[in-house]
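# Summary of the model geometry
Below, each chain spelled out in residue letters.
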Amino acid sequence: MAKNLSNKLLQFLNKIFSPKFIRSGSCKQCGQCCRKITINYHGKFLTERYEFEQLQLEQPRYKNFFTTGKEDGVLVVTCKSLGYDNKCKSYRFRSLYCRIYPRIKTKYIAAGAQTLDGCGFYYEKNVTKSQN
Ligand code: SF4
Ligand code: SF4
C-alpha cells in the first residue's frame, strides 16, 4: 500500500516537474550557431544594420560580431571568435549563451521551433512525461 502511494507520488512529481521536451543529439562542430546569430533586443529582433551599430556603441561586447546579411528580414551576425576550422578561438572564455546553446524556450519548441539547419542537436517530446 505504502509502495503504491510512493509510486503514485513519484509519477505525480514526474508529471509536474519533468520537461515537456528533451534535447538529443550532439555537436557536429559545423559552426552554424556562431555564424548565424540573430539578436533579440528588448523583445524585438534587430532587422537593420544601423540598429546593430547603435547596439555596439551602447554595449561594446557586441563589437565581437559583424553583420553578414539577413534571413527572413532579420539581421544575421557572425562571431569574430569563430576560426576557419569552425572552432572557437575563445573557447575557455566564451559566454554563458555559448555554453548553454542550443537551449530553446518550451513555448517556442511547442510552436515548432527547432535548432539551426544542419545542427547535430534536436528537440523531441519527453515520452516519459507524456506517458504519465
Ligand atoms: S549548430 Fe549545432 S552542431 Fe553546429 S556547432 Fe552549433 S551546436 Fe554544434
Ligand atoms: S565565442 Fe566561440 S562559441 Fe561563442 S559564438 Fe563566438 S565562436 Fe561561437
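On a predicted model such as this, the values are computed, not experimentally measured, just so you know. (Residues numbered from 1 in each chain as written. Chains lettered and ligands numbered in written order. Predicted model: local features only at pLDDT ≥ 70, side-chain atom pairs only at ≥ 80, totals over all residues.)

## Re the overall build of the protein chain
For clarity, the cut-off: For the purposes of this entry, the term helix denotes a DSSP run of H or I that reaches at least four residues, the term strand denotes a run of E that reaches at least two, and both are numbered from the N terminus. Exposure criterion: with C-beta atoms placed from backbone coordinates, a residue whose C-beta has 20 or more other C-beta atoms within 10 Å is buried, one with 12 or fewer is exposed, and one in between is partly exposed. For every residue pair, C-beta atoms are placed from the backbone, and the pair is scored as a contact if these atoms sit within 7 Å.
Along the backbone of the protein chain there are 6 helices and 6 strands. Going from the N terminus to the C terminus, the protein chain shows its helices and strands as α-β-α-β-β-α-β-β-α-α-β-α. In the protein chain, buried positions account for 4% of the 132 residues. Look at the contacts in the protein chain between residues 6 or more apart in sequence, and 62% of them connect residues 24 or more apart.

## Concerning the site of ligand 1
Here is the rule we go by: Only the C-beta atom, placed from the backbone, is used; a residue is near a molecule or strand if that atom lies within 6 Å of it. Under the scheme applied here, ten amino acids are nonpolar (Ala, Val, Leu, Ile, Met, Phe, Trp, Tyr, Cys and Pro), four are charged (Asp, Glu, Lys and Arg), and all others, including Gly, are polar.
Around ligand 1 sit 13 residues in total, of which Cys27, Cys30, Gln32, Cys33 and Cys119 are the nearest. When grouped by side-chain class, the residues that make up the shell around ligand 1 number 8 nonpolar, 4 polar and 1 charged.

## Quick word on the confidence of the model for the protein chain
In plain terms, the rule: Think of pLDDT as the predictor's per-residue confidence, scored from 0 to 100.
Confidence in the prediction of the protein chain, expressed as mean pLDDT, is 89, and 88% of residues score 70 or more. Across the protein chain, element-level confidence peaks in strand S5 (residues 74–79) with a mean pLDDT of 98 and bottoms out in helix H6 (residues 127–131) with 64.

## Looking at the pairing of strand S4 (residues 65–71)
This is how the line gets drawn: The pairing criterion is simple: DSSP has to find at least two bridges between the two strands.
As judged from the 6 bridges shared by S4 and S5, these two strands associate in the antiparallel manner. Residue pairing in the sheet places Lys70 in a bridge with Leu75 of S5. Turn length for the S4-S5 hairpin, with the two strands adjacent in sequence and antiparallel, is 2 residues, and the turn residue Asp72 shows positive phi of about 50°.

## A short note on the environment of Lys36
By secondary structure assignment, the location of Lys36 is in the loop between helix H2 (32–35) and strand S2 (40–41). In this structure, Lys36 is in contact with Val76 and Leu116, ignoring residues within four places of it in sequence.

## A look at unusual backbone geometry
For the bond running from Tyr101 to Pro102, omega is -5°, close enough to zero to count as cis. Within the secondary structure, Pro102 is located in the loop between helix H4 (96–100) and helix H5 (106–110). Residues other than glycine seldom take positive phi values, yet Gln29 does so here, at roughly 55°. For Gln29, a count of 11 C-beta atoms within 10 Å corresponds to the exposed category. Notably, Asn86 is not glycine yet its phi reads approximately 70°, a positive angle. Among the structural elements, Asn86 can be located in the loop between S5 and H4.

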